[in-house]
Structure formats: structure tokens, C-alpha cells
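Here is what each chain is made of, one letter per residue.
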Amino acid sequence: MYGVKISGLGKAVPELEVSNDDIAKFIDTSDEWIESRTGIKSRHISTGETTTDLAASAAQHALTDSGLNADAIDLVIVATVTPDYTMPSTACCVAQRLGIKNATCFDLAAACSGFIFASEVAVSLIHQGNYKHALVIGAEVLSKTVDWEDRNTCVLFADGAGAAVYARSNENKVIKILTASDGDGSDLITLPSLTEPNKFNETQNTQKYMQMNGREVYKFATTAVPQNIQNVLADTGYTPQDIDLFILHQANARIMDSVAKKLDVDNEKFFKNLHKYGNTSAASIPIALADAKEKLKPGDKIILSGFGAGLTWGSMFIVWE
Ligand code: UT7
């Protein structure tokens, strides 16, 4: 089995920053409600930047950070639920933008767990020796999927992309990944595909936008995530108290505080940047990792953990190079 490490990180967000007060100008909400219930203060919203634009920009930063050339990349996976096209894949479009030739490129949809699921695929394939350098990108333009008159969702979700380069390495730094799904919760967060009925079918889609049962998803996250983190650490010889930094999907600061309490870990160890970016689904973990990079030291033990629609969830235990 070959070792794997993260050799580069990058992120990209749209230029326009939209504050809670900006949103309170057009729907019945307030900065006080949004910040106290979620921790979000502001977010970046596309004024034309596409999922491919953001994914390619984050990927280029990650590639530069890794010191590799485009021709070294032999695998590109984009985790997204908001691709510009169902076909071609966003991964193929990113490869074209970056000049990556002959790589295996595909998209993967696991909602807010997408970066963890895509990382599991890429890391396993590098472990096996099939590939040497994989670009794994989480990229979303969620602003095109929310009803901007629905205060239950539009104050939460936002746009952005984060990317990591996974590289074959003599020393293995990706210790363990553990993912799971529960289709019984598939109705808790939904986003229909944009399709028209065919010539023989007059059934119309009644749901146009993303819908979420926030309270049920909150209960799921605060139960499944601490359990999953305990499980990913089982058999590694480490406990949650040994971990230097937890980077969770940035959905709600209260979820992170609850997970910290359940694991009996100081919540200062939970990295938070959702006050600046909101919930960017598959992009949130790699954006947070890119933001956290400056304070990481070699040997730091890190847990990355995602959860969301599907239901899907998963955690990854890495040691910083
Ligand atoms: O990324 C995928 C995973 N997603 C998540 O992890 C999200 C998990 N869920 C959550 O983070 C929280 O459930 C939310 C932030 C979505 C909602 O917070 P909450 O504390 O669970 O609020 P709630 O849905 O129970 O609503 C409480 C009240 C309601 O009013 P009533 O019925 O008590 O009168 C809502 O109508 O807050 C109202 N409300 C709002 N008020 C002002 C809901 N949204 C807003 C809003 N502004 N934007």
C-alpha cells in the first residue's frame, strides 16, 4: 500500500460579500437571529461566477501550493450538488481550464459530506497505486438553488470552492476515513433536478428550490458526528482529546459546540470560519482547511468531518506534514 499526504490547498469565493443586514433588507430576518442561531455574519454570493469558475480557481491555488505542474495530476474529483452541467462533469471542465490532460475526471454528489467522500475515493485509489496525484475539489453555487424568499434556507447557504492535492508519499499521513449514509433521511434536505416532463408525461415538478427540515438535520448532526469521530479514531490509538484541530462542515456554530461537548474536547479546538462564508456545502471543509493552514504545524493531528443531505456523513483523520 502506498502512503498519501496532502501536498497543496486552495480556495476561491465570489467577489460579492453579502451581510446578514443586507439580507434583512428584503426578507423578515435579522442579523441578531442569524448570528445567534447559526454563527453566520456574512457570505459570498455569485454575481455570475460559475461552479466551474470557483472550482478551477481553488484548484489552481492548490496546484501552485503543491508545487506540481498540471501534467502531474492524474485524477480529478469534484464534489458538488450544484454543477453547471450534468454533463460534462465539472471535473472535466476544471481539467480543461488548468491544462490537465489524460486524467480520470468525474463528479461525486454527497452534499455537505462530498469532500470527505471524494477524498476517500481519491486516497484509496492512491493507496492502491492506481494514481499518484489527485485533485479533490468541493465547489458549490448554492445561491442558484435557494428560494430567496425562504428565510429558512437563504440566510444559510452560500457559494465557494476549496481544493486539496493528495500525493503519493513515503510516509502515510491520511490515517483513516470512515463514511456512511442513511437513505431513510433522504427527505430531510432535498434539491430536485431541473428536468421538464417528456412528451408523454404531464406531471410537473412542484418543488423548485432546496428544502431543509433544519431541526431534524440538527438532531442528526449532533448525534451522528460525535459517534462517527469516535469510530474513526477507534483502533488508531488516539482519543478525541489527542486531536489538535477539528474541522467540521461549517453549517452551524451551535452544532460544533455540541459536538465538542459530547466529545469532551475544548471547543477552541474547533475551527470556525462560517461567520465569513456561511454554509458552502461540499466546499466548506476544504475552504476551512485552506484558511486553517497557516496555524498548522507538522505532526498536528486533525479530524475533518462532514454531514448533510442523503443523509450522508463521514470523518477523516490526518496528520499534518
Ligand atoms: O449543510 C447541511 C446540513 N445542514 C445543517 O446542519 C443545518 C442544521 N440545522 C440548523 O442549523 C438549524 O436547525 C437552523 C439554523 C436551520 C434553524 O435553527 P433553529 O434554532 O433550529 O430554528 P427553527 O427552525 O426551530 O426555527 C425557530 C424559529 C421559527 O419561528 P417559530 O415557529 O418559533 O415562531 C422560525 O420560523 O425561528 C424562525 N426562523 C427565523 N427567524 C428569523 C427561521 N428562520 C429564520 C430567519 N430569521 N432566517
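Asks: I tried to follow the overall build of the protein on my own but got confused; where do I start?
Replies: In terms of regular secondary structure, the protein is built from 10 helices and 13 strands. Scaling as 2.2 N^0.38, a compact globule of 321 residues should have a C-alpha radius of gyration of about 20 Å, and the protein matches this with 19 Å. The principal-axis extent of the C-alpha atoms belonging to the protein is close to 55 × 50 × 35 Å. Per-residue burial over the protein gives 55% buried out of 321 residues. A sequence separation of at least 24 residues applies to 76% of the contacts in the protein between residues at least 6 apart. Looking at the protein, you have 28 positive and 39 negative side-chain charges, and the mean spots of the two groups are 3 Å apart.

Asks: Looking at this structure, I do not really get the nonpolar core. What am I missing?
Replies: Across soluble globular proteins, you tend to see nonpolar side chains buried next to one another. One finds Ile 229, Phe 246 and Phe 270 to be the most contacted residues of the largest nonpolar core, which totals 44 residues. Every element with two or more residues in this core is listed here: helix H7 (214-233), strand S11 (245-248), helix H8 (253-263), strand S12 (301-308) and strand S13 (312-319). It is H7 that contributes the most residues to this core, 8 residues altogether. Setting aside anything within four residues of it in sequence, one finds Ile 229 in contact with Phe 246, Leu 248, Val 259, Leu 263, Ile 303, Ser 305 and Ser 315. Judged by nonpolar contacts, the second largest core, of 38 residues, contains Ile 77, Phe 115, Tyr 131 and Ala 292.

Asks: Is there a simple way to think about the domain arrangement of the protein in this case?
Replies: Interface size, as often reported, equals the accessible area lost upon joining of the parts. Domain annotation of the protein identifies domain 1 (3-172) and domain 2 (175-319). Placing the centre of domain 1 and that of domain 2 at their C-alpha centroids yields a distance of 14 Å. Listed by partner, the interface residues are 46 residues for domain 1 and 42 residues for domain 2. Both sides of the domain 1 and domain 2 interface together cover about 3500 Å² of buried area, and 67% of this is carbon and sulfur. The largest contributions to the domain 1 side of the interface with domain 2 come from Lys 11, Cys 112 and Ile 116, which together make up 18% of the buried area. Taking the shortest distance from any N to any O, the salt bridge between Asp 65 and Lys 293 comes out at 2.7 Å. Those elements that place two or more of their residues in the side of domain 1 that touches domain 2 are strand S1 (3-12), helix H2 (31-38), strand S3 (42-44), helix H5 (114-128), strand S6 (133-141) and strand S7 (159-169). Among the elements that take part in the side of domain 1 that touches domain 2, H5 stands out by supplying 7 residues, more than any other.

Asks: I tried to follow the site of the ligand on my own but got confused; where do I start?
Replies: In the vicinity of the ligand lie 23 residues, with Thr 29, Arg 37, Arg 215, Asn 252 and Asn 279 positioned nearest. Separating an oxygen atom of the ligand from a side-chain N or O atom of Arg 37 is a distance of 2.8 Å. In this structure, His 249 approaches the ligand through a side-chain N or O atom, which is 2.8 Å from an oxygen atom. Contact with the protein chains hides 76% of the accessible area of the ligand, taken as 960 Å² for the molecule alone. At the level of elements, H2, helix H6 (151-154), H7 and H8 are the ones that each hand at least two residues to the shell around the ligand. Residues that form the shell around the ligand fall into these classes: 11 nonpolar, 7 polar and 5 charged.

Asks: What exactly am I supposed to notice about the pairing of strand S5 (residues 104-108) here?
Replies: In regular strands, side chains alternate between the two faces of the sheet. Note that strand S4 (residues 75-79) and S5 share 5 bridges and pair parallel. Paired with Ala 79 across the strands is Leu 108, a residue of S5. What joins S4 to S5 is helix H4 (residues 90-98), and the crossover it makes is right-handed.

Analysis parameters
- Residues numbered from 1 in each chain as written.
- Predicted model: local features only at pLDDT ≥ 70, side-chain atom pairs only at ≥ 80, totals over all residues.
- Heavy atoms only, no water.
- Helix = DSSP H or I, 4+ residues; strand = E, 2+ residues; numbered from the N terminus.
- Rg over C-alpha atoms; globule rule 2.2 N^0.38 Å.
- Buried < 20%, exposed > 50% of the residue type's maximum accessible area, 1.4 Å probe, protein only.
- Contact = heavy atoms within 4.5 Å.
- Lys, Arg positive; Asp, Glu negative; His and termini not counted.
- Charge placed at Lys NZ, Arg CZ, Asp CG, Glu CD.
- Core = buried A, V, L, I, M, F, W, Y, C linked by side-chain atoms within 4.5 Å.
- Domains from an automatic or database assignment.
- Buried area = accessible area lost by both parts, 1.4 Å probe.
- Salt bridge = Lys/Arg side-chain N within 4 Å of Asp/Glu carboxyl O.
- Near = heavy atom within 4 Å.
- Polar contact = N/O pair within 3.5 Å; in protein donor to acceptor, adjacent residues only side chain to side chain.
- Areas by Shrake-Rupley, 256 points an atom, 1.4 Å probe, with all protein chains shown as cover.
- Nonpolar A, V, L, I, M, F, W, Y, C, P; charged D, E, K, R; others polar.
- Pairing = 2+ DSSP bridges.
- Right-handed = clockwise from strand over helix to strand, strands pointing away.

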